[in-house]
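Overview (structure and organization)
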Amino acid sequence: MRGSWPLILALWGAGLGAAMQYAKISVIYDLLGGIYPEGGAALGWLVSVVGGIGIVLGVVAAMLVARVRYRRALLAALWLGALVSLGQALLPPLPVMLGLRVIEGISHLAIVVAAPTLIAQIATDHQRGLALTLWGTFFGVAFAVMAWGGLPFARAAGIPALFAAHAAYMAGFALYL
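Residues numbered from 1 in each chain as written. Predicted model: local features only at pLDDT ≥ 70, side-chain atom pairs only at ≥ 80, totals over all residues. Heavy atoms only, no water.

1. Things to note about the packing of aromatic side chains
Which entries qualify depends on this criterion: The criterion for an aromatic pair is that two Phe, Tyr or Trp rings (for Trp, the six-membered ring) have centres within 6.5 Å, with stacked assigned to planes under 30 degrees apart, edge-to-face to planes over 60 apart and tilted to the rest. Helix and strand labels come from DSSP, where a helix needs a run of H or I of at least four residues and a strand needs a run of E of at least two; each type is numbered from the N terminus. For the exposure calls, accessible area comes from a 1.4 Å probe over protein chains only, and a residue counts as buried if that area is under 20% of its type's maximum, exposed if over 50%, partly exposed in between.
Within this structure, the stated rule accounts for five aromatic pairs. Taken together, a centroid distance of 5.7 Å and an interplanar angle of 20° make the contact between Phe139 and Phe143 stacked. Of this pair, Phe139 and Phe143 both sit in helix 7 (residues 138–157), four residues apart, which is roughly one turn of that helix. Here Tyr169 and Phe173 contribute two aromatic rings whose centre-to-centre distance is 4.7 Å and whose plane-to-plane angle is 40°, an arrangement assigned as tilted. Of this pair, Tyr169 and Phe173 both sit in helix 8 (residues 159–176), four residues apart, which is roughly one turn of that helix. Residue Tyr169 is classed as partly exposed on the basis of its relative accessible area of 23%.

As structure tokens, this is what we get:
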């Protein structure tokens, strides 16, 4: 499928899902105290642990994803992300939620290693610059979407609904890809 814009856009969409793994917690951060009133400063870890996984395992992840193969790693990471979001929708105790965020960090890392590599591989020479520029927007776009739609949705339908919607998003891209 060399040069396929629908596939390039789907890979970018998978990247949006990965960035939403950060954004979904960031936009509802002020609501988390109501769910975890005993959380205190530990609530900050719900935001930062995903990035910590990237810092600690970034180089190793690149080697593992290449060994497993990019497509297989991407699909596994999307499914893992969907399952983690479903688990988060249950609003488990804070230590369990933190553990789920660690697992989510692994999912996130695999997606952000595999997806842009796949985009670079399938884009033609003519498309590659634009396709990778598009990839470079995934974090900002995901945060904007979550601030614009995710936070109002969480306030109206509840935080579990936001996590369930994210799970559905990740599963949808796993099925498409």
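What follows picks up the thread again.
2. Considering the side chain of Ser85
Heads up, the condition is: N or O atoms within 3.5 Å of each other form a polar contact, as long as, within protein, one can give a hydrogen and the other can take it, and as long as residues adjacent in sequence are counted only when both atoms are side-chain atoms.
Mapped onto the secondary structure, Ser85 falls in helix 4 (residues 70–89). The class of Ser85 is buried, set by a relative accessible area of 0%. A distance of 2.7 Å separates the side chain of Ser85 from the side chain of His166, its partner in a polar contact.

3. Structural notes on the environment of Gly172
Tracing the backbone shows Gly172 in helix 8. Sequence separation of Gly172 and Leu83 is 89 residues, and the distance between their C-alpha atoms is 12 Å.

4. Brief notes about helix 8
The line we're drawing: Helix span, expected: 1.5 Å multiplied by one less than the number of residues in the helix.
Between its first and last C-alpha, helix 8 extends 26 Å over 18 residues, near the 26 Å set by a 1.5 Å rise per residue. Where helix 8 is concerned, the buried positions are Ile159, Leu162, Phe163, His166, Ala167, Met170, Ala171 and Ala174.

5. Focus: the nonpolar core
What counts, and what does not: Only buried residues count toward a nonpolar core, which is a set of Ala, Val, Leu, Ile, Met, Phe, Trp, Tyr and Cys residues joined through side-chain atoms within 4.5 Å.
Membership of the largest hydrophobic core comes to 52 residues, with the highest contact counts inside it found for Ile28, Leu74, Leu78 and Leu177. For this core, the elements supplying multiple residues, two or more each, are helix 1 (5–27), helix 3 (43–68), helix 4, helix 5 (94–122), helix 6 (125–135), helix 7 and helix 8. Sorting elements by how many residues they give to this core places helix 1 first, with twelve residues.

6. Some thoughts on the packing of helix 1 against helix 8
Put simply, the rule is: Axis definition: a line fit to C-alpha positions, over the contact stretch in the case of helices; interaxial angles, taken between N-to-C directions, run 0 to 180 degrees. Small angles under 35 degrees read as roughly parallel and large ones over 145 as roughly antiparallel, with 65 to 115 read as roughly perpendicular and the rest as oblique. Here a crossing is taken to be left-handed if its near helix is turned anticlockwise relative to the far helix by less than a right angle, and right-handed if that turn runs clockwise. Residues count as neighbours in contact if any of their non-hydrogen atoms are within 4.5 Å of one another. Any residue that is not Ala, Val, Leu, Ile, Met, Phe, Trp, Tyr, Cys, Pro, Asp, Glu, Lys or Arg is counted as polar, Gly included; the first ten are nonpolar and the last four charged.
Interhelical geometry of helix 1 versus helix 8 gives an angle of 155° and a closest axis separation of 10 Å. In this view, helix 1 runs roughly antiparallel relative to helix 8, as classed from their interaxial angle. The two elements helix 1 and helix 8 meet at a crossing, and its hand is left-handed. Contact with helix 1, carried on its side by Pro6, Ala10, Gly13, Ala14, Leu16, Gly17, Ala18, Met20, Gln21, Lys24 and Ile25, involves Leu162, Phe163, His166, Tyr169, Met170, Phe173 and Tyr176 of helix 8 and no other residues of that element. Split by residue class, the contact of helix 1 with helix 8 holds 13 nonpolar, four polar and one charged.

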